[in-house]
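Structural overview
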Amino acid sequence: NAGVTQTPKFRVLKTGQSMTLLCAQDMNHEYMYWYRQDPGMGLRLIHYSVGEGTTAKGEVPDGYNVSRLKKQNFLLGLESAAPSQTSVYFCASRPRDQPQHFGDGTRLSIL
Amino acid sequence: GQQLNQSPQSMFIQEGEDVSMNCTSSSIFNTWLWYKQDPGEGPVLLIALYKAGELTSNGRLTAQFGITRKDSFLNISASIPSDVGIYFCAGHNAGGTSYGKLTFGQGTILTVHP
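Conventions we followed
Residues numbered from 1 in each chain as written. Chains lettered and ligands numbered in written order. Predicted model: local features only at pLDDT ≥ 70, side-chain atom pairs only at ≥ 80, totals over all residues. Heavy atoms only, no water. Helix = DSSP H or I, 4+ residues; strand = E, 2+ residues; numbered from the N terminus. Buried < 20%, exposed > 50% of the residue type's maximum accessible area, 1.4 Å probe, protein only.

Geometrically, the link from A:Thr7 to A:Pro8 is a cis peptide bond, its omega value of -5 degrees lying close to zero. Following the sequence through the fold, A:Pro8 ends up in the loop between β1 (4-7) and β2 (10-13). In this model, B:Ser7 is joined to B:Pro8 through a cis peptide bond whose omega is -5 degrees. Within the element layout of this structure, B:Pro8 appears in the loop between β1 (4-7) and β2 (10-14). Of note, A:Asn28 is a non-glycine position whose phi angle comes to about 60 degrees, a positive value. By the element assignment, A:Asn28 lies in the loop between β3 (19-25) and β4 (31-37). The backbone of B:Ala78 sits at a positive phi, close to 45 degrees, despite the residue not being glycine. Note that B:Ala78 resides in the loop between β8 (71-76) and β9 (85-92). Exposure remark for B:Ala78: the relative accessible area of 37% places this residue in the partly exposed category.

Given below as structure tokens:
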């Protein structure tokens, strides 16, 4: 999945802690997306961005915030982590009229 | 909201067998995508379908966009051990305010025995 880089790859948090997941793409893509993947549920869209400085809510946005200050970066924040947010988080990006390219994911556990 | 039902949920097959999986939607899509996810990695695009009735191949993989625009299937012929992984269908409606948002199926876990 060259081109979409997610950091960190793994993280363990305690309930109530905050953290930020970083997604970076070097393909000059307009659109970026954050998903979470849970067993048996496929990928569900958290938030997305259609360009620098713009963000919008997806299917499951509660408990998350995002920012797109630079075109190449899309940040996903958890202000007060909850055990229900234990998941694998994927970032994706795409140019206009082309399918999405995914990163390799961030595995997040909240105790 | 839109829902995609993907089946089967899992498959256990012998190397060399053919595989078929499908997705059905409660509403119409104008793009269907099939992704494969290997353990510890993100989904990788296999095939993209843009027209109702379209049949597209990529090596041993063949996918079709259903005429009703509410379904799609993926076939894998002569399976090999490296086909192991999770296969996802995804639907998309282009234009308007969709902004390329995808709706994913639940995934089909494929296991291939040598």
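Back to the text.
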